[in-house]
Amino acid sequence: MNEIKKDTEINAQESSENIASLDSKQKNCTSISGRIPTGSEVLDKLLKGGFEKETISTIYGPSGCGKTNFCLISAVEMVKTGKKVIFVDSEGGFSIERLKQITGDCKETLNGIILLKPTRFDEQKRAFQKIKQLITDDIGIIIVDTISMLYRLELGKNEEIYNINRELGLQISQLTEICRKQKIPVLVTTQVYANFEEKDQVKIVGGDILKYGSKCLIELRKLRGSRVAILKKHRSIKEGEEIKFRIENEGVFEND
Ligand SMILES: Nc1ncnc2c1ncn2[C@@H]1O[C@H](COP(=O)(O)OP(=O)(O)OP(=O)(O)O)[C@@H](O)[C@H]1O
Ligand SMILES: [Mg+2]
């Protein structure tokens, strides 16, 4: 107990030192440091510099809204910095062709990505155990696209809802533990379903487990002729900020 308390105190001390050094750096710096660039001007602007370390950021929205695009672009950006990416692709959305469109030549990007491709919820569970073994200081980000698809399928065929929810909760807490220990960001995506009480809103698959587990929530919507990213939750940025964007061959760009 004492040891645990001591550990916590040391971490708190370290983090206040980090904040102090960050503050002094920021005095001479126009951009907010300490955030991890997302590879797209859209999310960098929305998140004032990028993903926060030590937290899970979740992007959610309907099929085709751009979730996987943002994941691929973030992976490309991280590899450019010399760090590696763990990418869990649970729905086969990881497209080498799309990577080529974004990067021109995706060889270097592919070398920097450790790809896990679970096809059932129990495989996703094993993939998460594997992440623990794969974690080194070389890993700059963990991306899970999507965390909820295999969970949703499992819910459809299995009546043990309690156990399935418990497993999703465990996976989120495992990601939280890893990102806090490694001081890296985690990017997760999830699907949505119709909200019959409030028709202009959607509900996210994974519900409260994901909402509470994520310190940053971004909703993507497809509009007629455009797309929008809306900040729904953040520790230090006002909620409700939004940016319209479009998807093009080379990536994702802000609409004028
Ligand atoms: N080269 C490209 N140029 C323009 N748009 C593209 C290009 N490649 C993909 N898109 C568009 O990206 C959208 C799909 O984005 P993405 O795969 O990121 O969606 P998603 O939210 O991950 O969907 P899902 O939930 O089905 O996985 C489609 O509208 C598609 O037309
Ligand atoms: Mg996708």
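These remarks concern the structure in this document.

On to the sheet that holds strand E7 (residues 186–190). One open sheet holds the nine strands; their spatial order is E5-E4-E6-E7-E3-E10-E11-E12-E13, and the pairing between them is mixed. Sheet topology places strand E5 (113–116) and strand E13 (251–254) at the edges, where each strand pairs with a single neighbour. On average, each strand axis in the sheet is tilted by 25 degrees relative to the strand beside it, whichever way the strands run. Sheet topology note: the strand E10 (residues 216–223)/strand E11 (residues 226–233) ladder contains seven bridges and is antiparallel. Directly across from Lys222, in E11, lies its bridge partner Arg227.

This next bit is on the packing of helix H3 (residues 67–80) against helix H4 (residues 96–103). Contact geometry for H3 and H4: axes closest at 11 Å, N-to-C directions at 60 degrees. Viewed along their axes, H3 and H4 adopt a mutual orientation that is oblique. As for the relative orientation of H3 and H4, their crossing is right-handed in sense. Residues Leu72, Ile73 and Val76 of H3 pack against Arg98, Leu99, Ile102 and Thr103 of H4. Counted by class, the contact of H3 with H4 contains five nonpolar, one polar and one charged residues.

On to the environment of Lys100. As for its placement among the helices and strands, Lys100 is situated in helix H4. Residue classification places Lys100 among the partly exposed positions, given that 15 C-beta atoms sit within 10 Å. Between the alpha carbons of Lys100 and Glu250 there is a distance of 8.9 Å; along the sequence they are 150 residues apart.

The subject of this paragraph is the site of ligand 1. What surrounds ligand 1 is a group of 16 residues, the closest being Ser63, Lys67, Thr68, Asn69 and Ile247. For the shell around ligand 1, the secondary-structure elements that each account for two or more residues are H3, H4 and strand E12 (242–248). When residues in the shell around ligand 1 are grouped by element, the largest group, three residues, is from H3. Of the residues assigned to the shell around ligand 1, the class counts are two nonpolar, 10 polar and four charged.

To continue, consider unusual backbone geometry. Of note, the amide linkage connecting Asp145 to Thr146 takes the cis form, showing an omega dihedral of -10 degrees. Its place among the elements puts Thr146 in the loop between strand E6 (139–145) and helix H7 (149–157). At Glu54, a position not held by glycine, the phi torsion is positive, near 65 degrees. Residue classification places Glu54 among the partly exposed positions, given that 16 C-beta atoms sit within 10 Å. One non-glycine residue, Lys183, adopts positive backbone phi at about 55 degrees. If you trace the backbone, Lys183 turns up in the loop between helix H8 (161–182) and E7.

Reading guide: rules and limits
- Residues numbered from 1 in each chain as written.
- Chains lettered and ligands numbered in written order.
- Predicted model: local features only at pLDDT ≥ 70, side-chain atom pairs only at ≥ 80, totals over all residues.
- Pairing = 2+ DSSP bridges.
- Helix = DSSP H or I, 4+ residues; strand = E, 2+ residues; numbered from the N terminus.
- Axes fitted to C-alpha atoms, helices over the stretch in contact; angles between N-to-C directions.
- Parallel < 35°, antiparallel > 145°, perpendicular 65-115°, else oblique.
- Left-handed = near helix turned anticlockwise from the far one by under 90°.
- Contact = placed C-beta atoms within 7 Å.
- Nonpolar A, V, L, I, M, F, W, Y, C, P; charged D, E, K, R; others polar.
- Buried ≥ 20, exposed ≤ 12 C-beta atoms within 10 Å, placed from the backbone.
- Near = placed C-beta within 6 Å.

None of the figures reported here should be taken as evidence of function without further support.
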